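# Notes for the structure review
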Protein chains: 2
Amino acid sequence: MNAYRPNPAETTFLLFDVLRLPQQLAELPALAEVADPALMQQVLEEAGKFVGEVVAPLNRDGDEIGCRFEAGTVTAPPGFADAYRAFWQAGWPALATATEDGGQGLPSVLEAVLYEWLSAANHGWTMAPGLLHGAYECVKHHASDALKAQYLEKLATGEWLATMCLTEPHAGSDLGLVRTKAVPQPDGGYLLSGTKIFISGGEHDLSENIVHLVLARLPDAPAGPKGLSLFLVPKFYTDGSGHSAGPSQARPAPSGGSAPHEVGSVGAWVRSAVVCERIEEKMGLHGSPTCVMRFDEAHAQIVGEPGRGLNAMFVMMNAARLHVALQGVGLLDAAWQKANAYAAERRQMRAPGPRVDGEAADLIHRHPAMRQKLDTQRAWVDAGRVLAYRTALELDVAKHHPDAARRASAQRWCALTTPVLKSAFTEQAFSGGSECLQVFGGHGYVREWGIEQIVRDARVSMIYEGTNEIQAIDLLLRKVLPDGGTALNQLLDELGEGLRISALRDMAQTVVKAAPSSETLAHEVAGDFLRATALVLLDWAWQQIENAAPTDDERWQRPALALHQRVLPEFEMRRQMVLARCAQ
Amino acid sequence: MNAYRPNPAETTFLLFDVLRLPQQLAELPALAEVADPALMQQVLEEAGKFVGEVVAPLNRDGDEIGCRFEAGTVTAPPGFADAYRAFWQAGWPALATATEDGGQGLPSVLEAVLYEWLSAANHGWTMAPGLLHGAYECVKHHASDALKAQYLEKLATGEWLATMCLTEPHAGSDLGLVRTKAVPQPDGGYLLSGTKIFISGGEHDLSENIVHLVLARLPDAPAGPKGLSLFLVPKFYTDGSGHSAGPSQARPAPSGGSAPHEVGSVGAWVRSAVVCERIEEKMGLHGSPTCVMRFDEAHAQIVGEPGRGLNAMFVMMNAARLHVALQGVGLLDAAWQKANAYAAERRQMRAPGPRVDGEAADLIHRHPAMRQKLDTQRAWVDAGRVLAYRTALELDVAKHHPDAARRASAQRWCALTTPVLKSAFTEQAFSGGSECLQVFGGHGYVREWGIEQIVRDARVSMIYEGTNEIQAIDLLLRKVLPDGGTALNQLLDELGEGLRISALRDMAQTVVKAAPSSETLAHEVAGDFLRATALVLLDWAWQQIENAAPTDDERWQRPALALHQRVLPEFEMRRQMVLARCAQ
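Residues numbered from 1 in each chain as written. Chains lettered and ligands numbered in written order. Predicted model: local features only at pLDDT ≥ 70, side-chain atom pairs only at ≥ 80, totals over all residues. Heavy atoms only, no water.

## Quick look at the overall build of chain A
The secondary structure content of chain A amounts to 21 helices and 11 strands. Whereas a compact globule of 584 residues would reach a radius of gyration of roughly 25 Å, chain A reaches 24 Å, a difference of no more than 12%. With respect to the three principal axes, the spread of C-alpha positions in chain A is 80 × 60 × 45 Å. Residues counted as buried form 63% of the 584 residues belonging to chain A. Long-range pairs, those at least 24 residues apart, make up 72% of the contacts in chain A with a sequence separation of at least 6. (Helix = DSSP H or I, 4+ residues; strand = E, 2+ residues; numbered from the N terminus. Rg over C-alpha atoms; globule rule 2.2 N^0.38 Å. Buried < 20%, exposed > 50% of the residue type's maximum accessible area, 1.4 Å probe, protein only. Contact = heavy atoms within 4.5 Å.)

## Remarks on the UniProt feature "domain: Acyl-CoA dehydrogenase/oxidase N-terminal" (unreviewed entry) in chain A
The feature "domain: Acyl-CoA dehydrogenase/oxidase N-terminal" (unreviewed entry), as annotated in UniProt, sits at residues 41–159 of chain A in this numbering. Between the C-alpha atoms that bound residues 41–159 of chain A the distance is 26 Å, and the span itself is 65% helix and 5% strand. (UniProt positions renumbered as here; feature names shortened; annotations may be inferred.)

## Observations regarding the environment of Thr157(B)
Residue and element names in this part refer to chain B. Tracing the backbone through its elements, the reader meets Thr157 in helix 10 (residues 145–157). In the structure, Thr157 is positioned 69 residues away from Trp88 in sequence and 6.9 Å away in space, judged by C-alpha atoms. Leave out the neighbours within four places in its chain, and Thr157 touches Trp88, Pro93, Ala94 and Gly102. Looking at Thr157, its side chain comes within polar contact range of the main-chain oxygen of Glu153, at 2.8 Å. (Polar contact = N/O pair within 3.5 Å; in protein donor to acceptor, adjacent residues only side chain to side chain.)

## Regarding helix 7 (residues 108–121) of chain A
With 14 residues, helix 7 of chain A extends 20 Å between its outermost C-alpha atoms, agreeing within 8% with the 20 Å of an ideal straight helix rising 1.5 Å per residue. The buried count for helix 7 of chain A comes to 14 of 14 residues, which makes it a mostly enclosed element. (Expected span 1.5 Å × (residues − 1).)

## Description of the interface of chain A and chain B
Counting residues at the interface gives 64 residues for chain A and 64 residues for chain B. Approximately 5,400 Å² of surface area, both sides summed, lies buried where chain A meets chain B, with 60% of it carried by carbon and sulfur atoms. Looking only at chain A, the three residues that lose the most surface to chain B are Met283(A), Gln438(A) and Tyr445(A), adding up to 14% of its buried area. Summed over the shared surface of chain A and chain B, the number is 24 residue pairs in polar contact (both at pLDDT 80 or more). (Buried area = accessible area lost by both parts, 1.4 Å probe.)

## Some words on the confidence of the model for chain A
Residues and elements named next belong to chain A. Of the residues in chain A, 95% reach a pLDDT of 70 or more, and the chain-wide mean stands at 93. Contacts from residues 253–266, a stretch scored under 50 in pLDDT, to residues over four places away or in other chains number 28 contacts. Predicted complex, confidence summary: ipTM 0.95, pTM 0.96. (pLDDT = per-residue confidence, 0-100.)

## A word on the domain arrangement of chain A
All names here are of chain A. Under the domain assignment, chain A is made up of domain 1 (8–139), domain 2 (161–311) and domain 3 (316–582). Relative to domain 3, the C-alpha centre of domain 2 lies at a distance of 36 Å. The partner domain 3 presents 11 residues to the nine residues of domain 2 that form the contact. For domain 2, the biggest contributors to the area lost against domain 3 are Met164, Met283 and Leu285; these three give 60% of the whole. Between domain 2 and domain 3 we count zero salt bridges in total. (Domains from an automatic or database assignment. Salt bridge = Lys/Arg side-chain N within 4 Å of Asp/Glu carboxyl O.)

## Comments concerning helix 19 (residues 521–548) of chain A
Residues and elements named next belong to chain A. With 28 residues, helix 19 extends 41 Å from end C-alpha to end C-alpha; this agrees with the ideal 40 Å at 1.5 Å per step. Of all the bends in helix 19, the largest measures some 40° and sits at Gly527. With 22 of 28 residues buried, helix 19 lies mostly within the body of the structure. (Bend = angle between axes of the 7 residues up to and from the residue.)

## Let's talk about the side chain of Asn489(A)
Locating Asn489(A) in the fold gives a position in helix 17 (residues 486–495). Excluding its chain neighbours within four sequence positions, the residues that come into contact with Asn489(A) are Arg505(A) and Gln509(A).

## Considerations on the UniProt feature "domain: Acyl-CoA dehydrogenase/oxidase C-terminal" (unreviewed entry) in chain A
Here the UniProt-annotated "domain: Acyl-CoA dehydrogenase/oxidase C-terminal" (unreviewed entry) positions come out as residues 307–473 of chain A. Taken end to end, residues 307–473 of chain A comprises 75% helix and 0% strand; its first and last C-alpha atoms sit 24 Å apart.

## Observations regarding the pairing of strand 5 (residues 190–200) of chain B
All names here are of chain B. Of all 11 residues that make up strand 5, eight are buried, and the element is covered over most of its length. If you look at the hairpin formed by strand 4 (residues 181–184) and strand 5, you'll find five residues sitting between the two strands, and Gly188 has a positive phi there, around 95°. In terms of strand pairing, strand 5 meets strand 11 (residues 290–303) through eight bridges, oriented antiparallel. Within strand 11, the position partnered with Lys196 by the bridge is Met293. (Pairing = 2+ DSSP bridges.)

Have a look at this one:
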């Protein structure tokens with residue numbers, strides 16, 4: 001089994017030569033100072049070492065031993081807790097959080113690279129800090145000063161981990177159906193009760209406290225999504241005065257859910273009335289506990305305004321969606337690395353073409369069907385990295401650029417591309433991961449080589465943080481149709497000229513015109529529309545790579561060829577499918 | 001968790017109304033007598049009961065408990081051995097074997113239906129009898145009379161199970177590299193030594209004896225595939241005289257591999273020097289032990305002529321390939337049944353279109369993206385059943401039709417369609433199974449609903465019995481190009497007229513003309529060529545269904561629509577990919 005290794009040199013090429021990162025960051029006063037190429041390169045090299053040496057080696061045990069659940073406690077797989085402690089203490093979670101909150105204030109794109117690598121190396125482990133940045137942004141932008149004083153630095157540095165508690169047994173994609181209740185208390189706090197499912201990292205032993213961000217309803221809230229508010233429920237809490245000991249010295253949660261009444265005892269940490277009832281048995285991702293969490297009059301504080309819970313949560317969900325797209329890119333790269341290494345050292349059958357050595361069989365990568373698979377998946381990975389890094393860069397541009405028009409275009413880029421990247425690259429991590437598995441033949445199906453784990457792990461990314469079908473609806477029905485395609489056209493203008501770009505523009509107009517004629521049309525074409533958009537973005541990303549790469553380098557030539565021969569032909573198929581439906 | 005249920009009524013429609021089975025069988029003197037519709041219907045109903053009541057309920061334990069390995073013995077999951085005994089005693093393995101060998105002599109197509117259903121209900125369990133028919137045919141057509149006397153009836157009835165021992169650690173797709181040796185002995189037998197891997201059912205407790213068919217080399221054999229001979233190695237053997245006790249009373253295998261020297265003792269069963277060294281940890285299919293088998297001067301008999309081992313094995317491999325295609329069809333049907341049932345009872349979000357009830361959310365199957373998935377996969381399943389049943393019918397036609405030309409056309413059908421069906425339907429079981437998983441949202445990723453097991457189990461079918469890439473090479477390089485496309489054209493003539501049929505014909509001619517210009521071209525387009533052929537066959541199958549189905553029945557209308565809107569557009573994409581490569 002060959003473990004995943006990050007490749008800082010190629011990453012530097014994509015960031016500096018293809019995306020011209022230093023020049024882009026130089027336009028952002030807040031980041032201009034830290035945009036020093038040498039510094040960024042050093043950060044990437046250190047990150048690569050940490051990922052390759054500390055996190056990657058734990059991946060197999062994460063799958064095979066997995067998380068253990070016993071009487072409400074969850075024990076992470078061997079080494080996970082130590083690795084997280086090292087990660088936090090080295091300051092990695094704080095990479096791109098603000099210096100005033102205890103962070104390092106580096107560009108988001110470096111965090112994007114870090115999480116791509118972490119996901120590739122160990123998807124299960126990476127789930128733990130995966131929601132940190134979103135929780136940090138959510139608290140930073142929506143919580144009261146009092147809450148921020150207690151939680152913001154802990155989240156900014158990663159000393160405490162966070163969860164996002166949305167789904168309930170009857171409410172998955174449709175959060176409007178959430179039933180969890182929060183009852184206001186005289187002290188300004190709330191008692192929160194209900195059951196949440198599919199909570200990644202709801203309970204574990206990686207950090208001494210866990211901060212749950214929970215969607216719930218006030219007693220007088222209207223039905224539907226507008227009745228939702230957001231609450232913060234810590235695993236351990238104190239009233240903030242004189243707590244010399246940390247949460248690990250907390251008293252157990254009082255039974256009967258009367259926790260908040262105990263808070264009076266100064267300096268004592270109390271365990272909230274929130275418990276993990278069980279963890280799910282899953283297809284993969286065994287290194288991450290997927291918890292059923294029961295809140296039983298748990299100590300809660302509101303985050304943001306009543307009834308504005310979804311709004312506050314959106315900050316977190318958008319960050320999470322780009323993060324999931326990066327998981328897809330990383331997992332596909334990990335699968336490719338394994339398959340590529342295997343194909344370069346194992347022999348099987350005679351390949352067509354002249355004999356290259358005296359062996360009885362040829363190396364697997366000389367067989368055309370295998371070569372096609374490897375080059376095609378490489379084309380997806382390289383494009384995915386360019387697109388996801390660019391999106392992370394646009395996050396900073398949207399926040400820090402002095403020019404309002406440029407901020408708006410960055411906002412537009414993120415809004416339009418995030419659902420596309422989330423959907424396309426999680427799909428590709430699974431289907432392309434399966435193609436990489438095929439390179440191993442029968443050996444791909446057994447555990448030994450670790451490739452089947454990637455396929456199992458990757459499958460969930462097509463579902464969580466909004467299923468890929470929700471992403472398609474988000475793109476077409478929420479972001480393209482409402483403004484008649486204007487924002488999409490502006491994005492396409494920025495991408496430049498190209499046959500597929502103008503075909504996508506025309507297709508969007510056809511859908512804009514046809515959609516009002518049928519209540520279901522837009523839903524029916526949304527998936528194909530997203531795929532067509534993804535392929536235009538891939539095409540664009542490879543143009544950027546080809547503009548920067550040496551023209552005679554097989555490393556870039558081969559995936560570029562595979563892109564044109566084996567990936568982009570899908571565009572015309574999707575276009576025809578959309579147009580056929582619109583013509584009905 | 002809703003278990004798979006066979007659907008004899010729909011099967012009868014496909015067999016009798018779409019494929020006109022009774023009329024087709026009436027042309028075959030050997031089967032005319034048993035081709036009574038009422039009899040066949042009764043067999044199907046009994047088969048459906050057995051599959052649904054005995055085999056399906058064991059599927060979950062097969063996955064979760066799996067096979068246990070201890071000191072050379074393999075214990076099947078709970079209930080597997082009893083179910084196999086009941087299966088054998090009820091005569092199911094003997095359904096389509098010849099009456100003179102102890103079988104029931106029914107048409108192959110009934111066996112095809114039976115194995116499709118078994119695979120859908122419990123893929124792991126079905127692996128055990130899955131190679132029986134092929135082993136029976138192999139022994140029947142290639143073994144000596146003495147060997148037949150000992151083994152043919154046992155295999156025809158399924159009293160003993162069989163394996164196919166091909167792969168070695170360094171020789172998977174390329175059997176020419178096999179190193180296992182067989183050394184002739186003075187008594188006419190052989191001592192066989194070597195290690196075989198990925199042996200399904202190499203050791204288990206389902207039957208009292210196991211018959212291994214093993215590819216090996218004689219000491220003076222030339223290198224490569226022409227040096228391979230086929231051998232029969234029983235787990236237990238006797239010299240055939242006076243064995244009153246069965247193998248279960250056998251003495252243990254003598255150490256040092258001197259087994260054959262012990263045979264003299266009349267009536268005693270001896271255990272061969274073949275041991276299971278371990279079973280693989282796999283992605284799925286935990287109900288079937290995948291064994292590493294060590295032969296250590298094991299008692300062996302030759303099957304067929306020296307150097308003609310691959311030839312003898314081909315009988316078995318072709319039967320196995322159609323069987324694997326049926327696994328794909330069955331597994332996809334099982335996935336569809338689960339998703340369809342879930343989507344018809346669970347609610348999530350508001351679907352577009354008018355409200356149909358007063359509930360806060362709509363049934364999942366009312367959401368267009370989910371409806372498309374369900375209908376698309378149903379289109380694949382229905383077409384797969386028609387195509388696989390037709391192929392099973394053609395197997396009987398090839399054997400029994402009085403007219404030589406009709407026998408030749410049947411042979412052609414089987415040769416050309418088997419690799420296509422094996423590849424296309426195993427691919428679809430995995431990718432379409434994953435689409436069905438998506439219908440469950442997050443619930444699809446947890447074990448509870450059993451849908452993720454189908455996806456894991458199905459993945460192996462793309463690899464074994466010749467990887468799907470080998471199937472593509474088999475189709476194009478061995479069956480289309482050598483005769484300049486003549487056989488394919490004859491097959492297409494039989495399919496009738498149609499845009500895609502003539503496009504495939506033209507495409508084949510383009511490849512025939514372009515192939516000599518490049519050593520790699522045919523390999524490069526083989527996969528796309530197979531996909532295009534598969535889509536033409538799907539189109540044809542659905543024409544047959546639509547000719548027979550009531551025109552106003554949503555059951556058939558919806559998948560027919562999905563076929564045209566969402567499946568067949570791939571044909572033009574594949575055609576363009578092939579043509580673009582040929583034009584280079």
